[in-house]
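# Reading the structure
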Amino acid sequence: MKITAKAFELQLKYPFTITKFSRTSTPLMLLEIQDEGFTGLGEASMVPYMGESLETATDFLKKVDLSGFSFPFNMEEIITYLDDLAPGQPAIKAAIDIALHDLSGKISDQPCYQMFGSSPDLMPLTTFTIGIDIPEVIIKKVNDALADDFRLIKIKLGRDTDKLLIETIRSVTDLPLYVDANQGWTDRNEGLEMAHWLKEQGVLLIEQPMLKDDIDGNAWLTERSPIPIIGDEAVQRLADVTKAKGVYHGINIKLMKSAGMYEGFKMIEAARKNNLKILIGCMSETSIGTLAGAALAPLCDWADLDGPFLTSNNPYQTPKFKKGRYILNHKPGLGVELKSS
Ligand code: MG
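Residues numbered from 1 in each chain as written. Predicted model: local features only at pLDDT ≥ 70, side-chain atom pairs only at ≥ 80, totals over all residues. Heavy atoms only, no water.

### A short note on the layout of surface pockets
Left-over empty space is what a probe sized like a water molecule reveals as it rolls over the atoms. Of the volumes computed, that of the second largest pocket is approximately 230 Å³. Considering every element that reaches the lining of the second largest pocket, the biggest residue donor is helix 7 (residues 188–200), with 5 residues. Across the lining of the second largest pocket, the residue classes tally to 3 nonpolar, 4 polar and 6 charged. (1 Å grid on protein atoms, 1.4 Å probe; cavity = no way out; pocket = protein on both sides within 12 Å on 5 of 7 lines; lining within 4 Å. Points joined across faces, edges and corners; volume = space filled by probe spheres on them. Helix = DSSP H or I, 4+ residues; strand = E, 2+ residues; numbered from the N terminus. Nonpolar A, V, L, I, M, F, W, Y, C, P; charged D, E, K, R; others polar.)

This is the structure:
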């Protein structure tokens, strides 16, 4: 098997601000893995605060030798092999995993969703995420979301402007909202008050309200909140799922944290076993990562897979999207389509 890697800078349509960070683009590593005359596509999206970079990805890829593996790929063995090469670095491991799933689908002539028993008919709505911003820009972004046919909006909170941001959105649309505080709330009592207020504003769930290490605080809020509390930063890989039980109502799975689709699927199974709800999210991703997430999304309760709508130079076609949901094509593999020139 031959791996080819290419660095790519994915540009955001607007500077994106969350509680602690702001950025205008995201470094990606785009991968192609070739075997049996087919090419599988993968990507690593390395948002700076997760600690990976083009340098760490390049160094990791130098160590990878897939010549000992062949189709049908034993993903359990391959992920264990990658984890043994170096700890952490889930994004570049996800790139390899995603490319191998795309490749498997192409070799075996079946769409990736089918490999996981996932039904495109059960695709949940996807949110359009709006970062922290001034009211004029928030309104512009809400209008973008409406123009793109979204039926759900996710808003980043976690600063002292939280209520103003929600009121600004409510001045333009009644669409249901998800909010993500990205660990920005510090006081559990204020958090609970906020959760009640948000419910009245039509908010359906709250992501990572307080610091991921504040297990007591998040558990306290989960016990009392009128809407689901979802752990994101607190939940990275499979081993974290059981730790989320009793602390959150549900977890946010992202393939760039879980080291790809294989472990993402395992996390879905583990979450179901532990009665945890599941949101499947993404980083800034092209259609490759988005379609990998969308293949698993029908197995989840909620989806936040808006990468192609928030970026301006996705090298692939935006996946088909209608009335707030992705419509998966039936092509073998992920179904990533090149832009027609
Ligand atoms: Mg989040």
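Text resumes after the structure shown.
### Some details on the coordination of the magnesium ion
Protein-derived ligands of the magnesium ion are Asp180 (OD), Glu207 (OE) and Asp232 (OD), with the metal-ligand distances lying across 2.0 to 2.2 Å. In primary-sequence terms, the residues that donate to the magnesium ion follow D-x26-E-x24-D. Of this pair, Asp180 sits in strand 6 (residues 177–180) while Asp232 sits in the loop between strand 8 (229–231) and helix 9 (238–244), and the two are 52 residues apart along the sequence. Like Asp180, the residue Asp232 is buried in the burial classification. (Donors = N, O, S within 2.8 Å, 3.2 Å for Na, K, Ca; no water. Buried < 20%, exposed > 50% of the residue type's maximum accessible area, 1.4 Å probe, protein only.)

### Regarding helix 7
With 13 residues, helix 7 extends 19 Å from end C-alpha to end C-alpha; this agrees with the ideal 18 Å at 1.5 Å per step. Of the surrounding elements, those touching the buried residues of helix 7 are helix 6 (162–170), strand 6, strand 7 (203–207) and helix 8 (215–224). Between the side-chain oxygen of the N-cap and the backbone nitrogen of Asn189 there are 2.8 Å, and the N-cap of helix 7 in question is Asp187. Once helix 7 finishes, Gly202 follows within two positions and takes phi at roughly 85°, a positive value. (Expected span 1.5 Å × (residues − 1). Contact = heavy atoms within 4.5 Å. Polar contact = N/O pair within 3.5 Å; in protein donor to acceptor, adjacent residues only side chain to side chain.)

### A word on the nonpolar core
Membership of the largest hydrophobic core comes to 106 residues, with the highest contact counts inside it found for Ile96, Leu198 and Met261. For this core, the element with the most residues is helix 3 (residues 90–108), which contributes 10 residues. Counting residues domain by domain, this core receives three or more from each of domain 1 (2–111) and domain 2 (114–326). Setting aside its immediate chain neighbours within four residues, Leu198 contacts Leu157, Ile166, Val179, Trp185, Val203, Ile206 and Ile227. Membership of the second largest hydrophobic core comes to 6 residues, among which are Leu152, Tyr178, Leu205 and Trp302. (Core = buried A, V, L, I, M, F, W, Y, C linked by side-chain atoms within 4.5 Å. Domains from an automatic or database assignment.)

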